[in-house]
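Each chain, letter by letter, is given below.
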Amino acid sequence: MILRKLFATALLAAGVHGAAAAADTPLEIGYLPILPDAQLFVALESGALQKGGLAAPKLVQFQSGPALTQALIAGQLDAAYVGIGPALVARAKGADIKVVASNIVEQVGVLALPALAPYFASGDPATAFARFAKDKGRKAVIASYPKGAVPEAALQYWLRNVLKADLADIEFVYQGEAQIQQSLMTGAVDAAAVLEPTTTSVLARQPDASVVARGSQLFPKQPGAVLLVREKLIAERPEAVRTLVRAQIEATDLLRDEPAKAAAHVRKHVGGGRLSADIVEQAVRNSHDQFEADPKAIIEATAKLQDFQASLGTQAQRVDVDTLFDTRFYDEAKAR
């Protein structure tokens, strides 16, 4: 009997120790150093993650969505802050992931440089590219993210379904965020599908440039970056997921309500920490209405986005969008 009690006590102690060890194990979190991942940076710097007892996470920085997608497919990372496009691709290829919170919506805008912008200011925007081509004797060059990325899909949706522009009048180049900004700064392109803080940075240098279409005009309720976690993490460490989602909500509130304070946190991680405080704060302020943590707010738009990408041939394998989302943690956090 004594031996049984000792054995049971040992098992209980081992279980408690194992649970404590799991709680102390740092989460491996993938991210891109871009403003749409702002909630991660605010949560890290403000201490919101530590409030739930999480150990300091191991951050894994990626320079592109496709690279992060491959890491998810390979079974790496516990969580990720990444665009909904890569999330769809990873889920379609068998990654055991769930979107538990949204980061941002309607994040993409079209910024035109002075040579092209006047064609949108006067006359029918649908014929802006055709009139430009006729006057300049060449096609307008638009920079965008690689095919399959949400900014590229939003741009194509605007051109094809909203403007109904003739794509024969446009030359597309596909680049990363840093390349797009450089192309705009040097005048190597006429316009680009851009995110903040690129918009604010370019306008500060080229005040005659103009945002000719905002996110709500490109693709209404377009989903952007999201917080996703592995289903294994949900099963084994649900409290860690709860902490991530609570931190997401708190960070979103700070971004909306205290942009100057939030911008100081974001600046450390975006643009290599080299952007001025004024640029980052203005970019956060400009994104006030786009910061959105509720995953339910983007489910319908995600399905619409997937349908459109499938029509373009950039989403070869479809997923059941409803099964991609797990809204329980957000609902629980908001009910507290």
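Reading the values: rules and limits
Residues numbered from 1 in each chain as written. Predicted model: local features only at pLDDT ≥ 70, side-chain atom pairs only at ≥ 80, totals over all residues. Heavy atoms only, no water. Helix = DSSP H or I, 4+ residues; strand = E, 2+ residues; numbered from the N terminus. Buried < 20%, exposed > 50% of the residue type's maximum accessible area, 1.4 Å probe, protein only. Contact = heavy atoms within 4.5 Å. Areas by Shrake-Rupley, 256 points an atom, 1.4 Å probe, with all protein chains shown as cover. Lys, Arg positive; Asp, Glu negative; His and termini not counted. Charge placed at Lys NZ, Arg CZ, Asp CG, Glu CD. Phe/Tyr/Trp six-rings, centres within 6.5 Å; stacked < 30°, edge-to-face > 60°. Domains from an automatic or database assignment. Buried area = accessible area lost by both parts, 1.4 Å probe. Salt bridge = Lys/Arg side-chain N within 4 Å of Asp/Glu carboxyl O. Polar contact = N/O pair within 3.5 Å; in protein donor to acceptor, adjacent residues only side chain to side chain.

Draft legend 1. The overall build of the protein, seen in detail. Scanning the protein from terminus to terminus reveals 18 helices and 10 strands. Along the first, second and third principal axes, the C-alpha set of the protein runs to 95 × 40 × 30 Å. The proportion of buried residues among the 336 residues of the protein is 52%. Residue pairs at least 24 apart in sequence account for 77% of intrachain contacts in the protein once pairs closer than 6 positions are excluded. Looking at the protein as shown, the accessible area adds up to about 15000 Å², and 52% of this sits on carbon and sulfur atoms. For the protein, the separation between the mean place of its 35 positive charges and that of its 36 negative charges on side chains is 3 Å.

Draft legend 2. Spotlight on the packing of aromatic side chains. Scanning all chains against the criterion turns up 6 aromatic pairs. Between phenylalanine 120 and tryptophan 158, the aromatic rings sit 6.1 Å apart at their centres with planes inclined by 25 degrees, giving stacked as the arrangement. Within this pair, whereas phenylalanine 120 is found in helix α6 (residues 117-121), its partner tryptophan 158 is found in helix α8 (residues 150-163), the two being separated by 38 residues in sequence. On the numbers, 4.6 Å between centres and 50 degrees between planes, the contact of tyrosine 157 with phenylalanine 219 is tilted. With tyrosine 157 in helix α8 and phenylalanine 219 in the loop between α11 (215-218) and β10 (225-230), this residue pair connects regions lying 62 residues apart in the sequence. Accessibility expressed as a relative area gives 12% for tyrosine 157, which makes it buried. Looking at phenylalanine 219, the relative accessible area reads 1%, which means it is buried.

Draft legend 3. Molecular detail of the domain arrangement of the protein. On domain assignment, one finds that the protein holds domain 1 (28-105 + 223-335) and domain 2 (108-217). Taking the mean C-alpha position of each, domain 1 and domain 2 sit 26 Å from one another. Contact with domain 2 buries area across many residues of domain 1, yet Ile279, Phe308 and Leu312 alone supply 33% of it, more than any other trio. Taken together, domain 1 and domain 2 are joined by 0 salt bridges. Our enumeration of links across domain 1 and domain 2 arrives at 3 residue pairs in polar contact (both at pLDDT 80 or more).

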